[in-house]
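Each chain is listed here by its residues.
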Amino acid sequence: MKITDVRAFPVAFPLDTPAQDATGVWDSWNTIIVKITAEDGTFGYGEIGPIHGGGIAIFKAMVDDKLAGMVLGEDAFDRERLYEKMLGRGTSSYALGQKGAIVSAVAGIDIALWDLAGKSLETPVYQLLGGRVHEKIPAYASGFFGKSGRPLTPGECADEAKGYADEGFKGVKMKVGFGHRQDLLNLEAVRNALGPDLGIMVDANQSYSYHDVMKIADDLAAFDLTFLEEPLPINDLDAMAALTSAVKVPIAAGENYYTRFEFRDVLVKRAVNIVQPDIIHAGGIAETKKIAAMASAWNVPLAPHIHATVGVAASIHLLASTPNTLAAEYITSGGSYKLRQALYGQAFMADDGWVSAPDEPGLGIHINEDALERFCPAGMK
Ligand SMILES: [Mg+2]
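Residues numbered from 1 in each chain as written. Predicted model: local features only at pLDDT ≥ 70, side-chain atom pairs only at ≥ 80, totals over all residues.

Regarding the packing of helix 5 (residues 154–167) against helix 6 (residues 180–194)
And step 1. Where helix 5 meets helix 6, the closest approach of the two axes is 8 Å, and the angle between their N-to-C directions is 35°. Relative to helix 6, the crossing made by helix 5 is right-handed. Residues Pro 154, Gly 155, Cys 157, Ala 158, Ala 161, Lys 162 and Ala 165 of helix 5 pack against Leu 185, Asn 186, Ala 189, Val 190, Asn 192, Ala 193 and Leu 194 of helix 6. (Axes fitted to C-alpha atoms, helices over the stretch in contact; angles between N-to-C directions. Helix = DSSP H or I, 4+ residues; strand = E, 2+ residues; numbered from the N terminus. Left-handed = near helix turned anticlockwise from the far one by under 90°. Contact = placed C-beta atoms within 7 Å.)

Side note on the sheet that holds strand 1 (residues 3–21)
And step 1. In spatial order, the strands read 3-2-1-5; together these four strands make up an open sheet with antiparallel pairing. Edge strands, defined here as strands with exactly one partner in the open sheet, are strand 3 (43–48) and strand 5 (146–147).
And step 2. The pairing of strand 2 (residues 24–38) with strand 3 spans six bridges and is classified as antiparallel. Paired with Lys 35 across the strands is Tyr 45, a residue of strand 3. (Pairing = 2+ DSSP bridges.)

Thoughts on unusual backbone geometry
And step 1. The phi dihedral of Gln 206 is positive, around 70°, even though this residue is not glycine.
And step 2. With respect to the secondary-structure elements, Gln 206 resides in the loop between strand 7 (199–203) and helix 7 (210–222).

Concerning the nonpolar core
And step 1. Val 34, Ile 36, Val 106, Val 272 and Ile 316 are the most contacted members of the largest nonpolar core, which totals 125 residues.
And step 2. The biggest single contributor to this core is helix 3 (residues 101–121), with 12 residues.
And step 3. When we break this core down by domain, the ones giving at least three residues each are domain 1 (3–122) and domain 2 (127–355).
And step 4. Discounting residues that sit within four places of it in the chain, Val 34 has contacts with Ala 8, Tyr 45, Gly 46, Glu 47, Ile 48, Val 63, Gly 108, Ile 109 and Ala 112. (Core = buried A, V, L, I, M, F, W, Y, C linked by C-beta atoms within 7 Å. Buried ≥ 20, exposed ≤ 12 C-beta atoms within 10 Å, placed from the backbone. Domains from an automatic or database assignment.)

A look at helix 3
And step 1. Compared with the 30 Å implied by 1.5 Å per residue over 21 residues, the 31 Å span of helix 3 between its first and last C-alpha is a close match.
And step 2. Burial analysis of helix 3 places 18 of its 21 residues in the buried class, the great majority of the element.
And step 3. A positive phi of about 55° marks Glu 122, the residue just after helix 3. (Expected span 1.5 Å × (residues − 1).)

Considerations on the domain arrangement of the protein
It is common to give the size of an interface as the accessible area that goes away when the parts come together.
And step 1. On domain assignment, one finds that the protein holds domain 1 (3–122) and domain 2 (127–355).
And step 2. Its C-alpha centre places domain 1 at a distance of 23 Å from the equivalent point of domain 2.
And step 3. Contacts between the two partners involve 36 residues from domain 1 and, on the opposite side, 35 residues from domain 2.
And step 4. Of all the elements in the fold, those that place two or more residues in the side of domain 1 that touches domain 2 are strand 1, strand 2, strand 3, helix 2 (79–87) and helix 3.
And step 5. Looking at the side of domain 1 that touches domain 2, the element that brings in the most residues is helix 3, giving 10 residues.

Re the environment of Asp 75
And step 1. Relative to the helices and strands, Asp 75 is located in the loop between helix 1 (56–71) and helix 2.
And step 2. The contacts of Asp 75, once residues within four sequence positions are left out, are Met 1 and Lys 2.

Overview of the environment of Tyr 257
And step 1. Among the structural elements, Tyr 257 can be located in the loop between strand 9 (251–253) and helix 9 (259–268).
And step 2. Sequence-wise, Tyr 257 and Asp 75 are 182 residues apart; in three dimensions their C-alpha atoms are separated by 29 Å.
And step 3. Leaving out residues up to four positions away in the same chain, Tyr 257 has contacts with Ile 234, Glu 262, Phe 263, Val 266, Pro 277 and Ala 282.

Overview of the pairing of strand 1
And step 1. One ladder, built from 14 bridges, connects strand 1 with strand 2; its direction is antiparallel. Each residue of the ladder has a partner; that of Pro 14, found in strand 2, is Ser 28.
And step 2. Counted along the chain from strand 1 to the antiparallel partner strand 2, the turn is two residues long.
And step 3. Both strand 1 and strand 5 contribute to a ladder of two bridges, which runs antiparallel. In the strand pairing of strand 5, Ala 19 is matched with Lys 147.

Details of the packing of helix 7 against helix 8 (residues 237–246)
And step 1. Relative orientation of the contacting elements helix 7 and helix 8 amounts to 10°, with a least axis distance of 11 Å. One way to sum up the angle between helix 7 and helix 8 is to call them roughly parallel. Within the contact between the two elements, helix 7 uses Tyr 210, Val 213 and Met 214 and helix 8 uses Ala 239, Ala 242, Leu 243 and Ala 246.
And step 2. Here the residues of the contact of helix 7 with helix 8 are counted per class, giving seven nonpolar, no polar and no charged. (Parallel < 35°, antiparallel > 145°, perpendicular 65-115°, else oblique. Nonpolar A, V, L, I, M, F, W, Y, C, P; charged D, E, K, R; others polar.)

Comments concerning the environment of Leu 15
And step 1. Here Leu 15 is to be found in strand 1.
And step 2. As for Leu 15 and Glu 373, which are separated by 358 residues in sequence, their C-alpha atoms are 18 Å apart.
And step 3. Among residues more than four places away in sequence, those in contact with Leu 15 are Asp 27, Ser 28, Trp 29 and Gly 335.

Printed below as a string of structure tokens:
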């Protein structure tokens, strides 16, 4: 069945209040929704990104000027072959590289092809991925973004944590990287608010040094953390591996690694205890499934980075069909949460801290294309 149309919709969702983590501040949530249509009119949606702080025109150009031409006229079911055509060795996208942004762009097309295939076969994507392993997946609430250019106070952290516990989440992930004193005060406030039984994860967004973490490693361990995410610059795998073997808190990373080749190096070096590929960064559904399978050979669980719209649906189908699933990241406080509600309503909402893959064909989402038009940035219509 031939692919007859490929479209990339740029979307920018303005935030009421600028959000912050240890890497910076942003005032809108940007992404690209990909729509691929086949000759019989069946279509599927994918997602590229997300990109806070700009850059969506670059990703749109990657699709419009390069990747669309590589898949138009091809068989929509040939997902593996098309992935290799777009990203494999010696292909015509080679000049755009085999790491980084181009992988995100390819992921958007790959996810759309999975959605399309599922709709065409009247089968949910998780069935195409091997069937259901998990009826439901524990979701942890991820948030604690700073407001208006400053990190949260301990009191604000405690209030946010209590809100998540009231919604039924079994764990929360908070931002750190704002100085040891502030980080530990915020962490203490959250542990006191949650009590001893709920999980706490912390995300440093690469802002610590090896010695920073060693200085506070015992303090962190005392809070019984589920994991510490991206403590160090992610490309220093030797330092990550040394840290992982030196501290009691499990180390997690993955949102900034692309393709199975980078994850191979992470796993061979035993640089993490938990892998966190983002399906819309790491190469799409099949590539992330391969990363999960490879991690299982090291007995490393999968807790993917999920900060997306269509990517939420793709991630949950993957998690439902994957044995080494640990948990789903679930963001309710960011622009991506409001944007996905605008795009496809209440699907994939957490229920008492659990998420599950629906039995509808494809990804099981129905995109409101009026919302794609509404949130298209001025100058890109
Ligand atoms: Mg992170």
